Amino acid sequence: MKHNFGAGPGILPHEVLKQAAEAVVDLNGIGLSILEISHRSVEFEAVLDEAIRLVKELFSVPEGYSVLFLQGGASTQFAMVPYNLLSSTGTAAYVESGVWANKAIKEAKYFGGVNVLATAKEDNFRHIPKDYAIPADAAYFHITSNNTIYGTQLHEFPKSPVPMVCDMSSDIFSRKVNVADFGLIYAGAQKNMGPAGTTLVIVKDDILGKVDRKIPAMLNYQTQIEGGSMYNTPPCFAIYVSMLTLRWLKANGGVEAIEKANNAKAAALYEEIDRNPLFKGVCVPEDRSKMNVCFLTENPEHEKPFLKLCDEKDIVGIKGHRSAGGFRASIYNALPITSVYVLIETMQEFAEKYK
Ligand code: PLP
């Protein structure tokens, strides 16, 4: 088995992969594959019901919120959010904390006014801006909880006077959040929740229906709520594997337990980055992500030989994003701490060799 530090799609629990593989041939002994059962069948309805129930339970979703499994990735949410929440005469407030936030901002501009409250662009997104006030007349306030490419994470959410919309694609279910603080949460499944192909949306029902434009059915949250995420054929397999991953999370103590494990993994790895003279962290320490750990070699010439050593140790997916460079170790929920220890030992071995 490889040590998979890939950023996205990310690692899934091995037992989930095995169950998913079995279900591709025969779902629970019914003689049909998860890929060929009708989405209107009792078997699939049970899968979707359980997935929704697990989201509600694991995240303590309060009354008055709907849980949706949609398609089109988080990138479709960049447009769907303003389509549904921003009228052409209104203004939405955004924080530009990375490339994904920037893409969300660009999409929102098609629908109404956009007020970028703060940006970290001049710093190549090595920190998360926090010095801003959220206008009380904004249609909503949009933030990215974890910046996958740059390795920064918001450790404390601001208090927002208007519905707070959050892109949690790369840290959903990695830590406790108070869902009641948010108007809408969205996340592409493929990092901490399942395979690519479905997007989780948790939306507070009473923030909808306030814009008067016509919205195409597939992009209308209300249609999706009324259709129970089945306005059209849903991505059955992606929802099934997400459900299995959520089951795995529950069986392993839920979000509270995984948060502890994630804290331990991140602490061990950052400690080594700070201690090892051949490496250095990229981001400001207070905003360091516990999901995507970005680091550099002090000497750029060490990059290639370190990657080669990682390859020899079966460490994969560690090369930084093309726009950030260096290294990025994604340490999502399903990555065992033993893999983090292997990476740490490899950094130590490298330092011995190249000191
Ligand atoms: N938002 C964040 C924080 C991401 O990390 C990504 C992808 O990596 C996206 C949005 C885009 O997601 P998708 O590929 O599901 O559209």
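Because the structure is a prediction, the values reported are computed rather than measured.

Novice: Help me understand the pairing of strand E4 (residues 113–119), please; the structure alone is not making it clear to me.
Specialist: The pairing of strand E3 (residues 91–96) with E4 spans 6 bridges and is parallel. Its bridge partner lying in E4, Val 95 is registered against Ala 118. Since E3 and E4 lie parallel, the crossover through helix H4 (residues 99–108) that links them has a hand, and here it is right-handed.

Novice: What should I look at first to understand the site of the ligand in this one?
Specialist: The environment of the ligand is made up of Gly 8, Gly 73, Ala 74, Ser 75, Trp 100, Thr 144, Thr 148, Asp 167, Ser 169, Ser 170 and Gly 188. Top contributing element to the shell around the ligand by residue count: helix H3 (residues 73–85), with 3 residues. Split into classes, the residues belonging to the shell around the ligand amount to 2 nonpolar, 8 polar and 1 charged.

Novice: When you look at H3 in this model, what are you seeing that I'm missing?
Specialist: For an α-helix the count is 3.6 residues per turn, leaving residues at separations of three or four pointing the same way. Between the first and last C-alpha of H3 there are 18 Å, a value that for 13 residues agrees with the 18 Å anticipated at 1.5 Å per step. A bend of about 25 degrees at Ala 79 is the largest found in H3, and the proline Pro 82 appears one to four places after it. Along H3, the residues that are buried comprise Ala 74, Gln 77, Phe 78, Met 80, Val 81, Pro 82, Tyr 83, Asn 84 and Leu 85.

Novice: Is there a simple way to think about the nonpolar core in this case?
Specialist: If you look at soluble globular proteins, the nonpolar side chains tend to sit buried side by side. If you look at the biggest cluster of nonpolar residues, it comprises 102 residues, and the most contacted ones within it are Ala 51 and Leu 200. Ranked by residue count, the leading element in this core is helix H6 (residues 236–251), at 9 residues. Residue assignment places this core across two domains, with domain 1 (14–251) and domain 2 (254–354) each supplying three or more. Apart from the residues lying within four places of it in its own chain, the contact partners of Leu 200 are Val 55, Phe 69, Ile 172, Tyr 186, Ala 187, Ala 189 and Met 193.

Novice: How do you make sense of helix H2 (residues 42–58) when you look at a structure like this?
Specialist: In this model, H2 (17 residues) spans 24 Å end to end at C-alpha, consistent with the 24 Å of a helix rising 1.5 Å per residue. Buried residues belonging to H2 abut strand E2 (65–70), strand E10 (199–204) and H6. The positive-phi residue at the C-terminal boundary of H2 is Ser 60, with phi of around 45 degrees.

Novice: Help me understand the UniProt feature "binding site: L-glutamate" (unreviewed entry) in the protein chain, please; the structure alone is not making it clear to me.
Specialist: Cross-referencing UniProt, the feature "binding site: L-glutamate" (unreviewed entry) maps to Arg 40 in the present numbering. Among the secondary structure elements, Arg 40 is positioned in the loop between helix H1 (14–25) and H2.

Novice: Any chance you could explain the packing of helix H8 (residues 303–312) against helix H9 (residues 337–354) here in plain terms?
Specialist: Helices that pack against each other are described as a pair by the angle of their axes relative to one another and the distance between those axes. Where H8 meets H9, the axes come as close as 10 Å, and the angle between the chain directions of the two elements is 130 degrees. When the axes of H8 and H9 are compared, the pair comes out oblique. Seen from above, H8 lies across H9 with right-handed handedness. Note on element contacts: H9 touches H8 through Thr 346, Glu 349 and Phe 350, opposite Phe 306, Leu 309 and Cys 310.

Novice: Even after reading the chapter, I still don't get the sheet that holds E10, so can you show me in this structure?
Specialist: Think of a sheet as strands paired side by side through backbone hydrogen bonds, with each pair either parallel or antiparallel. Pairing within the open sheet is mixed, and its 7 strands lie in the order E2-E10-E9-E8-E5-E3-E4. At either end of the open sheet lies a strand with only one pairing partner, and these are E2 and E4. On average, adjacent strands in this sheet sit at an angle of 15 degrees to one another, irrespective of strand direction. Of the pairings in the sheet, the one linking E3 to strand E5 (residues 141–144) comprises 2 bridges and is parallel in character. Across the sheet, residue Ala 93 finds its bridge partner in E5, namely Phe 141. Of the strands in this sheet, E3, E5, strand E8 (164–167), strand E9 (184–188) and E10 are in contact with H3, which crosses E9 at around 155 degrees.

What counts and how
- Residues numbered from 1 in each chain as written.
- Predicted model: local features only at pLDDT ≥ 70, side-chain atom pairs only at ≥ 80, totals over all residues.
- Pairing = 2+ DSSP bridges.
- Helix = DSSP H or I, 4+ residues; strand = E, 2+ residues; numbered from the N terminus.
- Right-handed = clockwise from strand over helix to strand, strands pointing away.
- Near = placed C-beta within 6 Å.
- Nonpolar A, V, L, I, M, F, W, Y, C, P; charged D, E, K, R; others polar.
- Expected span 1.5 Å × (residues − 1).
- Bend = angle between axes of the 7 residues up to and from the residue.
- Buried ≥ 20, exposed ≤ 12 C-beta atoms within 10 Å, placed from the backbone.
- Core = buried A, V, L, I, M, F, W, Y, C linked by C-beta atoms within 7 Å.
- Domains from an automatic or database assignment.
- Contact = placed C-beta atoms within 7 Å.
- UniProt positions renumbered as here; feature names shortened; annotations may be inferred.
- Axes fitted to C-alpha atoms, helices over the stretch in contact; angles between N-to-C directions.
- Parallel < 35°, antiparallel > 145°, perpendicular 65-115°, else oblique.
- Left-handed = near helix turned anticlockwise from the far one by under 90°.

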